[in-house]
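# Inside the fold
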Amino acid sequence: MKAYKLKKEYLKEYLKSLEDFGEVWGPIKKGEIDVYEKITDYSLLNLNALRPILPLKKFLIPPKFNTFFYTKDGKYENALKEVKRKIVFGVHPCEIHALLTLDRLYKERYPDYYYLTHRKSTWIIALSCVPDDKCFARSLNTHFVEEGFDLGFTDLEDYYLVWVGSSEGDDLLRHRLDLFDEKITSKDLNRYIEWRKWRDNQYQLNLDLTAMPDIMELSYDLEIWNEIGERCLSCGTCSMICPTCTCFNIADHLGIDDEPGRRERFWDSCMLKIFALVAGGHNFREKRVDRVKLWYTHKLKAFITEFGKPACVGCGRCIANCPVNINVAEITKILKGEEVKK
Amino acid sequence: MDKEKKLKIGFYEFSGCAGDLLTIIHNEDYLLKVWNSAEIISFRLATSKRDEKANLDIAFVEGSITAEEQIEELRKIREKSRILIALGTCASFGGLQSMYSHLGDFSSRFNSIYPHKFTILKPIESKPLESYVKVDYFIPGCPIDFKLFLFNFTRLLRNLPVELPSYPVCIECKWQENNCLLLKKIPCLGPLTRAGCQARCPTHNLPCVGCFGPYEDLNLPSWLKTLQENNIPFKELEKKIRMFFGVKVKEILSKLKNKK
Amino acid sequence: MSENLYEPIPMRIVRRYDLVENVRFFQVRPVEIERALTINYKPGQFMMISLFGVGEAPFSISSSPSRPGLLEFGIRKIGVLTEELFKLKENEIIHIRGPYGNGFPIEKMYGYNLIIVAGGLGAVPLRSLLLYALDNRDLFKKIYFLYGARRPNEMLFLREFLELKEREDLECLLTVDKDDTGSWTEKIGVVTELFKYLKDIDPQKTYAAVCGPPVMYRFVIDKLVNLQIPKHQILMTLERRMRCGMGKCGHCVIGSIYTCVDGPVFTYWDVLHMKDLI
């Protein structure tokens, strides 16, 4: 992979120049949290943001969007023809791992038109990160990324090492080649190696997830799950903020008067009671605890069966967002019988 | 749609702020479309033209029943309507005016607030429509959300049943990319409350007050526990639930007692 | 631009009539006649039927790919979408996408005996398999069709199945729990009682396919296991809530599998080693 250097003072100028390609998005502070937003004022860009509340999936499958328009006489048309190109800056490795998982889920068996259409228009500029006490990407080996981005920025104090990850990334870079330094010296190399060693040791939260599929299987009928089930608010927050949760529902909205109707697709959560309810009234997961179990089975076991790796990427969003402290770290510890600090 | 085939619809109001009907009127972009797509038989806030004798396909009724005279009036509307819909939280659950219905008997409460005799109407405890007549569907909200109203209005015109979001406010709150107020131990009723409002209050950094009424799968014990652990007394939390959940409060709290 | 697999194709209702009370037969054909023969499916697969403005839901295909051109469904009126479907008349247009699901592993079943056990509405997907086997009779050994309903007037495709009794190359056994007509000439009793008519079956060379109400499975499976049919040769088709049919929406997920793509046909072995399947 080809790499360049970009002096930090050029960053904002460079990002702004990328508006020639499309909208430039990045993490911006909103109260205590960060949100991926379209950048108009580059001074607002939060380079230290760790986990924008909604992950990258919001670009690829928005929380709600129209799939079809239809008229009363039975004619219908695809509601999503084109998506404006967005260049998303500041995406961390764990999120890119989630993206790679979504790519497999949405591109392989029965490619999803809506995902593909959004995906094609979403260009990614990765940015290295320093973990906080909620990050556990190293435990899942998602703390580093070699593919899935167009440009990859590694923060080496006064400059960024910029990796070119795709042909589109090459276009982005060449757009302002004048700002980049092509010469990588052995000093740069050493600095990079040192940085990696240092950064990989910054993880405060380390989970041993090696035997999770078996543990999920063996713990299935244990009483401890009931306590977790009683605690869960069934609010669905975990599904909304998890970078690999992409369940959805569909609803038809009729048009009023001469307006066309629309078919809308929107995020759903398996934590909601209605999720597995079938016509006729039978609910396959009536009990809260069964829904919590499904969620964690799907994160920590099912994806391993399907894709050879867990769906969890260690981003820490569930730790940061569940109002009653149910999250991957907590569940892992409980299931493994480890003491959980309240 | 054929002019002849337009459904006959009436809008009515009892005790409340008229906020639900005003929500319909204030969406000027849609007002004509609403008028075009149905035969509006009665809508006192919008037109003086009305026909009180005609039978209705659908009656939208706002407000709770707070006077004896209203019971008869409501029954008349029910009799002439194929479908009756409780519009807004007052009509659905009793509204704010039901907030203290658990505190002793009505007349002593009433007299303590209004020591001077009323003569216009005979006041009674505030109750939702369902306490007196069969209600086919509920469209809650204080006030209703126009988009949710429109979604269901068009469904009703097509003879489809009303459909409400089957998820709590938290889902919409996350779509709005808000930080959870419960994390800051602010008693937000989001996880207890049915969505439909686009998480309006949390989006303005204010806790949800539950104005859309209870979410069918709410987990009250866990919600209480997480806040009580942070020294918010039960009394205060209970008061928050009472504010909008109206007659549903009894049912919700009784489950809590059974659990204990 | 890539193909939008969520896009349904318009189909015309060419026939519809009530099979029993609240269960209606729908025979449909793509509006564009050229497309009619391009719809390839397997017995046991399902399609998503769409009514714009109302919604979309999965329905088992009841026709057999051995009789191409027309698709058939047996649909029970059970919710908003089906109620709207029941209001449609012949020659009206609905929208359909699919087929979806794994279907029966039909090639593996060649050269085997077939025991098809249906209860109530379970006859809808199993009719597809039955017709397929009858249309390719030489590919299978003995064929048994066991069908139970509560009452004669709840038996789907009754006349069609009664006619099958005249065929000598299959054993068609029909039973009702209770005969309230007085004119029922077939068996009376639950479907498991029909197993006593199964003679000289080499279990290793037999596939069984079961579909019916959830309560029926356990009893039927007991019988099949008693016959020593291997667990992976006992097939059943399951029902779940579905929104996409393509392993995306997540509604039909059970543990590690998507009912819509990994199923709806599962083996008894799948059911045993995966949790919560039935």
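Bear in mind that the values here come from a model prediction, so they are computed numbers and not experimental data.

Attention now moves to the overall build of chain A. A count of helices and strands for chain A gives 12 helices and 12 strands. For 342 residues, the compact-globule estimate of 2.2 N^0.38 gives 20 Å, and chain A sits close to it at 22 Å. With respect to the three principal axes, the spread of C-alpha positions in chain A is 65 × 60 × 40 Å. Counting only residues that meet the buried cut, chain A has 62% of its 342 residues in that class. Sequence separation of at least 24 residues holds for 73% of the intrachain contacts in chain A that already meet a minimum separation of 6. Averaging the coordinates of the 52 positive side-chain charges in chain A and doing the same for the 52 negative ones gives two points 1 Å apart.

Another aspect to go through is the domain arrangement of chain B. Residues and elements named next belong to chain B. Split by domain assignment, chain B resolves into domain 1 (8-157) and domain 2 (169-259). Here the C-alpha centre of domain 2 lies 25 Å away from the C-alpha centre of domain 1. Counting residues at the interface gives 17 residues for domain 1 and 17 residues for domain 2. Broken down residue by residue, the surface that domain 1 buries against domain 2 is led by Phe-93, Met-99 and Asp-145, which jointly contribute 39%. At the boundary of domain 1 with domain 2, the tally comes to 1 salt bridge. With a closest N to O distance of 2.9 Å, Asp-145 and Arg-200 form a salt bridge.

Residue and element names in this part refer to chain C. Inspection of helix α6 (residues 214-226) places Met-216, Tyr-217, Val-220, Ile-221 and Leu-224 among the buried residues, and these make up the whole buried set. Each buried residue of α6 sits inside an arc of 120° when the element is viewed along its axis, so together they form one side. Within α6, the exposed residues directed more than 90 degrees away from the buried face are Val-215, Arg-218, Phe-219 and Asn-226. Close packing links the buried residues of α6 with β7 (113-119), β11 (206-211), β12 (234-237) and α8 (268-273). Once α6 finishes, Gln-228 follows within two positions and takes phi at roughly 70°, a positive value.

Facing the 42 residues of chain C at the interface are 44 residues of chain A. Of the roughly 3700 Å² buried where chain C meets chain A, counting both sides, 56% is carbon and sulfur surface. It is Phe-52, Arg-241 and Lys-248 of chain C in chain C that bury the most area against chain A; as a group they hold 19% of the surface buried on that side. The interface formed by chain C and chain A includes 2 salt bridges.

Right, let's get into the domain arrangement of chain A. Residue and element names in this part refer to chain A. Assigned domains within chain A: domain 1 (3-200) and domain 2 (212-335). Taking the mean C-alpha position of each, domain 1 and domain 2 sit 26 Å from one another. At the interface, 37 residues of domain 1 touch 37 residues of domain 2. Taken as a group, Lys-57, Tyr-70 and Phe-136 account for 20% of the area that domain 1 buries against domain 2, more than any other trio of residues on that side.

What tends to happen in soluble globular proteins is that the nonpolar side chains get buried as a cluster. Counting 153 residues, the largest nonpolar core has Tyr-296 of chain A, Leu-220 and Trp-223 of chain B together with Phe-73 of chain C as its most contacted members. When neighbours within four sequence positions are excluded, Tyr-296 of chain A is seen to be in contact with Met-216, Trp-225, Lys-301, Ile-326, Asn-327, Val-328 and Ile-331 of chain A. Judged by nonpolar contacts, the second largest core, of 66 residues, contains Leu-129, Tyr-147, Val-176 and Val-271 of chain C.

What follows deals with the interface of chain B and chain A. Contacts between the two partners involve 37 residues from chain B and, on the opposite side, 42 residues from chain A. Between chain B and chain A, a total of about 3200 Å² is buried, with carbon and sulfur atoms accounting for 59% of that surface. The largest share of the area that chain B buries against chain A comes from Lys-174, Trp-175 and Glu-177 of chain B, three residues that together contribute 23% of it. Where chain B touches chain A, the interface holds 5 salt bridges. A salt bridge links Glu-32 of chain A to Lys-184 of chain B, with the shortest nitrogen-to-oxygen separation between them at 2.9 Å. Inspection of the chain B/chain A interface yields 14 residue pairs in polar contact (both at pLDDT 80 or more). Broken down by secondary-structure element, the contributors of at least two residues to the side of chain B that touches chain A are α2 (28-37), α6 (146-157), α7 (169-175) and α9 (220-228) of chain B. Of the residues contributing to the side of chain B that touches chain A, the split by class is 18 nonpolar, 11 polar and 8 charged.

Turning next to the pairing of strand β3 (residues 33-38) of chain A. Residue and element names in this part refer to chain A. Pairing of strand β2 (residues 23-30) with β3 involves 6 bridges; the strand directions are antiparallel. Of the residues in β3, the one forming a bridge with Lys-30 is Ile-33. Hairpin connection between β2 and β3: a loop of 2 residues separates the two successive antiparallel strands, and Gly-31 in this loop has a positive phi of roughly 65°.

Turning our eyes to something else, we now look at the sheet that holds strand β1 (residues 3-7) of chain A. Residues and elements named next belong to chain A. Judged by pairing direction, the sheet is mixed, and its 8 strands sit side by side in the order β3-β2-β6-β7-β8-β9-β1-β10 without closing on themselves. Strand pairing shows two members of the sheet lacking a second neighbour, β3 and β10 (180-181), which therefore form its edges. Across the sheet, helix α3 (residues 93-107) lies against β3, β6 (86-91) and β7 (122-127), angled at about 145° from β7, the strand it touches most. In the packing of helix α5 (residues 167-175) onto the sheet, contacts are made with β1, β6, β7, β8 (151-156), β9 (159-164) and β10, and the angle to β9 comes to roughly 140°.

Bringing the packing of aromatic side chains into the picture now. Per the stated rule, a full pass over the model turns up 44 aromatic pairs over all chains. Seen from their ring centres, Phe-65 of chain A and Tyr-114 of chain A are 5.5 Å apart, and the 45° between their planes marks the pair as tilted. Of this pair, Phe-65 of chain A sits in strand β4 (residues 64-70) while Tyr-114 of chain A is found in helix α4 (residues 113-120), placing the two residues 49 residues apart along the sequence. The buried category is assigned to Phe-65 of chain A, whose relative accessible area is 8%. Relative accessible area serves as the criterion here: at 0%, Tyr-114 of chain A is assigned to the buried category. One aromatic cluster in this structure is built from Phe-65, Phe-68, Tyr-70, Tyr-76, Tyr-113, Tyr-114 and Phe-248 of chain A together with Tyr-6 and Phe-52 of chain C. Above the face of the Trp-267 of chain A ring, Lys-57 of chain A is positioned so that its terminal group lies 4.5 Å from the ring centre. The cationic tip of Lys-205 of chain C hangs over the ring face of Tyr-112 of chain C; the distance from NZ or CZ to the ring centre is 4.2 Å.

This paragraph deals with the pattern of salt bridges. Considering all chains together, one arrives at 60 salt bridges over all chains under this definition. Here Asp-158 of chain A makes a salt bridge to Arg-191 of chain A, at a shortest N to O gap of 2.6 Å. Within this pair, whereas Asp-158 of chain A is found in the loop between β8 and β9, its partner Arg-191 of chain A is found in helix α6 (residues 186-200), the two being separated by 33 residues in sequence. Its relative accessible area of 27% is what places Arg-191 of chain A among the partly exposed residues. Of the charged contacts, one joins Asp-178 of chain A and Arg-176 of chain A as a salt bridge, the two residues approaching to 2.9 Å between their closest N and O atoms. Among the ionic contacts, a cluster of salt bridges with common partners joins Asp-252 and Arg-263 of chain A together with Glu-56 and Arg-97 of chain C.

All right, on to the state of the cysteines then. Residue and element names in this part refer to chain A. Applying the stated criterion to the full structure yields 0 disulfides over all chains. The thiol of Cys-129 is not disulfide-bonded; the next cysteine sulfur, from Cys-94, is found 6.1 Å away. In this structure Cys-129 comes out as buried when scored by relative accessible area, which is 11%. Cys-232 takes part in no disulfide bond, and the closest cysteine sulfur to it belongs to Cys-238, at a distance of 6.4 Å. For Cys-232, a relative accessible area of 8% gives the class buried.

What follows covers the sheet that holds strand β1 (residues 9-20) of chain C. All names here are of chain C. Taken in spatial order, the 6 strands of this open sheet run β4-β3-β6-β1-β2-β5, and their pairing is antiparallel. Sheet topology places β4 (55-60) and β5 (71-76) at the edges, where each strand pairs with a single neighbour. Averaged over all adjacent pairs, the angle separating strand axes in this sheet is 40°, with direction ignored. In this sheet, β5 lies alongside strand β2 (residues 23-30) in antiparallel orientation, the contact comprising 6 bridges. Residue pairing across strands places Phe-25 opposite Gly-74, the latter belonging to β5.

About the thresholds
Residues numbered from 1 in each chain as written. Chains lettered and ligands numbered in written order. Predicted model: local features only at pLDDT ≥ 70, side-chain atom pairs only at ≥ 80, totals over all residues. Heavy atoms only, no water. Helix = DSSP H or I, 4+ residues; strand = E, 2+ residues; numbered from the N terminus. Rg over C-alpha atoms; globule rule 2.2 N^0.38 Å. Buried < 20%, exposed > 50% of the residue type's maximum accessible area, 1.4 Å probe, protein only. Contact = heavy atoms within 4.5 Å. Lys, Arg positive; Asp, Glu negative; His and termini not counted. Charge placed at Lys NZ, Arg CZ, Asp CG, Glu CD. Domains from an automatic or database assignment. Buried area = accessible area lost by both parts, 1.4 Å probe. Salt bridge = Lys/Arg side-chain N within 4 Å of Asp/Glu carboxyl O. Arc of directions from axis to C-beta. Core = buried A, V, L, I, M, F, W, Y, C linked by side-chain atoms within 4.5 Å. Polar contact = N/O pair within 3.5 Å; in protein donor to acceptor, adjacent residues only side chain to side chain. Nonpolar A, V, L, I, M, F, W, Y, C, P; charged D, E, K, R; others polar. Pairing = 2+ DSSP bridges. Axes fitted to C-alpha atoms, helices over the stretch in contact; angles between N-to-C directions. Phe/Tyr/Trp six-rings, centres within 6.5 Å; stacked < 30°, edge-to-face > 60°. Lys NZ or Arg CZ within 6 Å of the ring centre and 35° of its normal. Disulfide = S-S within 2.5 Å.

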